[in-house]
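# Analysis of the macromolecular model
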Amino acid sequence: MQKLLQLPVNAVNIVKGVQGVTQGQEEALSPVLTPDSGPQNWYSAVQPEELRHLRSGGTEDRSALEEGLNSVQTQPLRHDDLKEMLDSNKDSLKLEAMKRIVAMIARGKNASDLFPAVVKNVACKNIEVKKLVYVYLVRYAEEQQDLALLSISTFQRGLKDPNQLIRASALRVLSSIRVTIIVPIMMLAIKEAASDMSPYVRKTAAHAIPKLHSLDPEQKDQLIEVIEKLLADKTTLVAGSVVMAFEEVCPDRIDLIHKNYRKLCNLLIDVEEWGQVVIINMLTRYARTQFLNPNINESLLEENSEKAFYASDDEEEEDKKAEPATLAKRKPYVMDPDHRLLLRNTKPLLQSRNAAVVMAVAQLYFHLAPKAEVGIIAKALVRLMRSHSEVQYVVLQNVATMSIKRRGMFEPYLKSFYIRSTDPTQIKVLKLEVLTNLANETNISTILREFQTYIKSMDKDFVAASIQAIGRCATNIGEVRDTCLNGLVQLLSNRDELVVAESVVVIKKLLQMQPEQHSDIIKHMAKLIDNIQVPMARASILWLIGEYCEHVPKIAPDVLRKMAKSFTNEEDIVKLQIINLAAKLYLTNSKQSKLLTQYVLNLAKYDQNYDIRDRARFIRQLIVPTDKSGALSKYAKKLFLALKPAPVLESPFKDRDHFQLGSLSHLLNAKAAGYQELPNWPESAPDPSVRNVEIPDWSKCSSRKDRKEKKVEKPFYSDSEGESGPTESADSESDSGSGSASASGSDESGSGSESEESGEETESDEEEEDEEEEKKKRKKLDKTKAKKQCIINFDQFDMNKITSVFSQTLAPSGSIKMYELLHRIKGEGLAVEYCFSRQPFSPEPNMVAVQIQFTNNTNSETKNLHIEDPRLQSGMRIREFAEIDVLAAGESVTVVMGIDFCDSTQAANFQLCTHTRKFFVSIQPPVGELMTPAFLTENDFKKEQGKLMGMNEILEKLTLGEKCVNEHVIVERVTATANLSRVPCGSDKECRFAGKTVSSGCLVLVTVTTKEGGGAQLTVNCEKMLIGTMLVKDILQALSQ
Amino acid sequence: MIHSLFLINNAGDLFLEKHWKSVISRSICDYFFEAREKAVEPDNVPPVIRSPHHYLINIYREKIFFVSVIQTEVPPLFVIEFLHRVAETFQDYFGECSETTIKDNVVIVYELLEEMLDNGFPLATESNILKELIRPPTILRSMVNTITGSSNVGETLPTGQLSSIPWRRAGVKYTNNEAYFDVVEEIDAILDKSGTTVFAEIQGVIDACVKLSGMPDLSLSFMNPRLLDDVSFHPCVRYKRWESERVISFIPPDGNFQLMSYHISAQNLVAIPIYVKQNISFFETGSSGRLDITVGPKQTMGKTVECLVVTVHMPKVVLSANLNATQGTYNYDPVTKILLWDIGKLNPQKLPNLKGSLSLQSGAPKPEESPSLNIDLKIQQLAISGLKVNRLDMYGEKYKPFKGVKYVTKAGKFQVRT
């Protein structure tokens, strides 16, 4: 079959094919054109273009067809077989065709003419075909923007798919199609995906942000909002990707990090490797702006001595200036706990298998840690050197920089930098650099011995580098200067010219330091001029003889004589040095060299190189006295024979650490595009309280984590949402709502106090949002926990046990409203409060759980606390808590009881008894507590709402209170008033909530539609009209506050 | 981040390109070719190459250059590490990572690259996740696929992607539950002319092949964990447990993976299993030289040394070698100037010896450089550091797995200077 299709096609086939193509386009279009699918806001803008394209596409095809018919012999129609396969209705044929097309793309062949045929398969059922189509689309959409638009509707549908993989991949492809016209659609899709239930989709949204930003930088502000939202995400899956987006879109918005700093630090270890690298690099920058230099006090004294070794003069001066200033305000340095947190949490990552992560931590320590702690990174970096040679190359570059600043750190690992003959040259040279940096008085003999073996290597470039390294050691360490010099002189008799030349250059530099003692070496070198051909070496020898001609008065003029002979054949640098030599000799020994000098200058006057001609002219004026020569010639000797400072041989890696280590810019020693400068430490620390988050933070949660870990043997629990699994959506949320924040127990009661009433009013929106999310998550966690316990306990134990289990784990939480049951004065020292924990009452699902807290304020024990004589409305039932035997003085205890209110707000009255007294008390539930969240999809919601029209629907208009500025506040207010869950909704103008009454299970549906100018409409649908009316009243009040 | 990827073989043919953002013309690779030419040897190509608007970061692996194009600042190790991960994934999928296998499986390669990066940022690099998304090709599966038309591509989101243990897929089932651990140690050493150790360390890895059903939670303990000086772990290992108890506790990925690598650097701990007596000398006149190498056992802990190979990089002027080996075979390649002596098993009673003359290019001066010897060897059933696994326990599952530990010592970068 396939073979047949590949046969050369005849005209009839072509006609078929073309018809197929146009039909296909119409098919692909139809979902767009039918008015009832997909959002329409972009549709009108695009439609004319699409239609135009359809028309023009059609005619083009027709003309192409005619052309094809005419030139069927001359021009083979290459891809017709592929087109036909794509048009067939067999998936296997389509797949085969797509595979061949992708292979073409991989090889870099142009397959763009197949675009129309491919793009209509975008909705293909076969998932592999679909994926390959995506590959094709992303590759060519930019070139064929108009046609690419045909595929958009498929992705828009995909964005609403219940399968999270499909939602994610739709967003991925949609955001990868670089077509500017769909920017608004992308923006919308990203915003929606950023609040998707599935963390995987949210991760994809984070990935899409930089894509959109590069496509249209004008969207930056809106994108920052999304980034801000995603930064608050608590899942490890999202963290890395959103920080990546942050780094690409708004790396300077450091203020967005404050609130998330601690969370990021704590999540770090569970984030995937690539995310870790990005986060660590970002946090390094962040820490540099927010914390104080931990080395500020000690560094000055200690480092100065070390620095003096290499530092040039001006730098030292700077230090001196800085010193009194810093000394003056020297204060005992105390490390910010957040700074410590970062160091502590990154440290274990030095053990990562991923070299990039290790490097990231290493640079973080190098830039941020107190000096005493930096040492720990050395071991890890040395380990990386065992890795692939590319890794070695990068690591060595960084080690070279670090070893200048902190030599002591790598000294114990000196031998790990020894060179093997099998190392690539670039690695050898870098290792040499490190060895040289590490050399000091104690280890220099070992290092020099090692260097000696290197000089015998077969790799000549490496030998040259070794000689230079010896030179550097000799200049840096005075004790070994003579030894090195002798060694180098021996090398002058080496057979290899390169070795000799390199030695000459290095010797020249060394001699400059103490020329008097070494006239014999200079003589020796003068002899070499006959043999050495390497220009740099010849120039060096000539300079040396000229400079120290007084030490070798006999040889110098003779050398000049020889050079004058060969002047015309020398390289330019050698010629310049000959002129120099001539001038210096003329000044010191004019008798012997006058004529030679004139000769050389004359030769230079007609040289081809203008530098040399210039130099000759300049020198002649200076040294040969004439009438015209001015005052300068008097000083000629001073000018030429001034004492020259010895050169400083320093590492090319010096001062490279002003680039962030591990970065591309550091490696290149030049700023790469998009490089973010590592800021200097601030003089005084910015306010650390910006990082405070008003929720129990992670260090506390970790205790709970531990507890949980013991129960279920699973390793890393920073990620609770991750568990929801592929089925996700509705289910996972159902856990969260029916659970109750009160369950979070002791964790919150401590730190929650600050977020209580007073906090709630003043908090900014952002914090509220934060808190709410956190709350939700906690609910979920606790819910699962509670559930587990119930499952375990329910069958086997009696009520007593259950309540006691609850009383252990449940403590009243700050965020839930407490009601007073018995005032402590009235209760003679016994205070009783209660709240609605919003936890399902497990023994009886149709009871409302009421959590009661007893506090004994007396000085004596209270005994036998229990309930007696409940007086209830008909139908109402009560499930008492187990009797509390003893409540010690000053103690408090919490229990849970269940009450079936029969869906009415009638109070439940009963007597509370102690061993001495009885109190009459009553519990009256707010209507909002009579329900439990129900989980509906958007469609189900609409369906159910449709059933509850007419009498069952209550509409109310309202004006939103000042604080109800956005959706989140509304959601928060509504859920605080009534125990409802939110229903996903496509529009951001509408918030929907659903719940069921506890005892009869009637649906309660709430819709809040906001309008321009603070107006809103509240709709409540409920079979129980009484409940409905009361609920409307309560919500109205909550929202208009 | 990573903009594009080009795969280039040793001959300089560009045989695959993939772009994650806008297309970058393959002419960008000219900068690479230039550097490649300059470097002579493939491993001397600088890993980072600059062009006016882009940066090329490349790795060389299995005779293929993986050249990635970068436009903005990114940690170079990030890219290098990722490229190696790509190469490893190919190896994992196709058995080997070579030009032929990549060309044969170009569609899967493309699908993999598509999944591994999104907009140039790594998305899924765990092999367990990738294998759920794109199933590796097997003969059986490709046959079934051609008949039934079913595909290699998974339809649901891999469970790993969402869980807190992304490296393990859910619902693993085996009839035989087995867990094998290979403790492989490599000796890196430099011995000088006289045979004294200049530098020695042990580089060890523990490779695991775990085929266990469900969600097993393993913990591996050593008899002598104090030996381990510096360790790095697969992400599945719980750092905290190691820190506090020196126990490796982990939920393993399914299949083959490297559990940990370690480093033992204290010099006195490193036993050198063999000694080498060598004498390579060149005469002042007559353009010839002499070679005499003997290898003998030193500290082998009573085990046999196997697969012993001695490699010598000769100076350029050495034309040929006329040698006599008492054991094994030797081969001198006059083009690469490499003398290879394959000894095989080391017999302590009769020490292998290679002896004979070298002939040099006539007229050339006596080479000054001294060649160094690279040694390769293998010792079965021995971890030269003395590291021993104490026990392996499994929690979380009911069945009894088969457990096995194997030790091997190899020579790593083992060099004898002359």
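Residues numbered from 1 in each chain as written. Chains lettered and ligands numbered in written order. Predicted model: local features only at pLDDT ≥ 70, side-chain atom pairs only at ≥ 80, totals over all residues. Heavy atoms only, no water.

Note the following rule: UniProt positions are given in the numbering used here, feature names are shortened, and annotations may be inferred rather than shown by experiment.
The name given to chain B in an unreviewed UniProt entry is AP-3 complex subunit mu-1, with the source organism recorded as Cyprinus carpio carpio. Under Function (unreviewed entry), UniProt gives the following word-for-word description of chain B: "Part of the AP-3 complex, an adaptor-related complex which is not clathrin-associated. The complex is associated with the Golgi region as well as more peripheral structures. It facilitates the budding of vesicles from the Golgi membrane and may be directly involved in trafficking to lysosomes." Recorded in UniProt under Sequence similarities (unreviewed entry), the annotation for chain B is "Belongs to the adaptor complexes medium subunit family."

Per an unreviewed UniProt entry, chain A is named AP-3 complex subunit beta, and its organism is Cyprinus carpio carpio.

## Some thoughts on the pairing of strand S14 (residues 1003-1010) of chain A
All names here are of chain A. Basically, it comes down to this: Throughout this description, buried means an accessible area under 20% of the type-specific maximum (1.4 Å probe, protein chains only), exposed means over 50%, and partly exposed covers the range between. Numbering of helices and strands runs from the N terminus, with a helix taken as a DSSP run of H or I at least four residues long and a strand as a DSSP run of E at least two residues long. Strand pairing is defined by DSSP finding a minimum of two bridges between the two strands.
The buried fraction of S14 amounts to seven of the eight residues, a majority that puts the element mostly inside the structure. Of the strand pairs in this sheet, strand S13 (residues 990-997) and S14 are connected by seven bridges, and their pairing is antiparallel. For Phe993, the partnering residue across the bridge sits in S14 and is Val1006. If you look at the hairpin formed by S13 and S14, you'll find five residues sitting between the two strands, and Gly1001 has a positive phi there, around 70 degrees. Between the antiparallel neighbours S14 and strand S15 (residues 1015-1022) lie four residues, among them Gly1013 with a positive phi of about 75 degrees.

## Regarding the packing of aromatic side chains
In plain terms, the rule: Pairing of aromatic rings covers Phe, Tyr and Trp, the last counted by its six-membered ring, and requires centre-to-centre distances within 6.5 Å; plane angles under 30 degrees mean stacked, over 60 mean edge-to-face, and any other angle means tilted. When the NZ atom of lysine or the CZ atom of arginine is within 6 Å of a ring's centre and also within 35 degrees of its normal, the charge is said to sit over that ring.
Counted under the stated rule, the structure contains 26 aromatic pairs over all chains. For the ring pair Tyr60(B) and Phe65(B), a centre distance of 4.5 Å and an interplane angle of 40 degrees mean the geometry is tilted. Clustering of aromatic rings is evident, with ring pairs tying together Trp274(A), Phe78(B), Phe82(B) and Phe121(B). One Lys or Arg, Arg139(A), reaches over the ring of Tyr140(A) and ends 4.5 Å from the middle of that ring. Over the ring of Tyr261(A) we find Arg691(A); its NZ or CZ atom is 5.5 Å from the centre of that ring.

## Quick word on the interface of chain B and chain A
Let me state the cut-off plainly: Residue contacts follow a heavy-atom distance rule, with two residues in contact if any of their heavy atoms lie within 4.5 Å. Throughout, the accessible surface (probe 1.4 Å) given up by two parts as they are put together, summed over both, is called the buried area. Salt bridges are defined by distance alone: a side-chain nitrogen of Lys or Arg within 4 Å of a carboxyl oxygen of Asp or Glu. Here a polar contact is taken to be a pair of N or O atoms separated by no more than 3.5 Å, where protein atoms must pair a possible hydrogen donor with a possible acceptor and residues adjacent in sequence count only if both atoms sit in side chains. Classification used: nonpolar for Ala, Val, Leu, Ile, Met, Phe, Trp, Tyr, Cys and Pro, charged for Asp, Glu, Lys and Arg, polar for all others including Gly.
In this assembly, 106 residues from chain B lie in contact with 99 residues from chain A. Approximately 9,100 Å² of surface area, both sides summed, lies buried where chain B meets chain A, with 57% of it carried by carbon and sulfur atoms. Run the count over chain B and chain A and you get 11 salt bridges. The salt bridge partner of Arg85(B) is Glu273(A), with a shortest N-O separation of 3.0 Å. Where chain B touches chain A, the interface holds 35 residue pairs in polar contact (both at pLDDT 80 or more). Here the side of chain B that touches chain A gets nine residues from one element, more than from any other, and that element is helix H2 (residues 76-94) of chain B. Tallied by class, the residues present in the side of chain B that touches chain A amount to 48 nonpolar, 28 polar and 30 charged.

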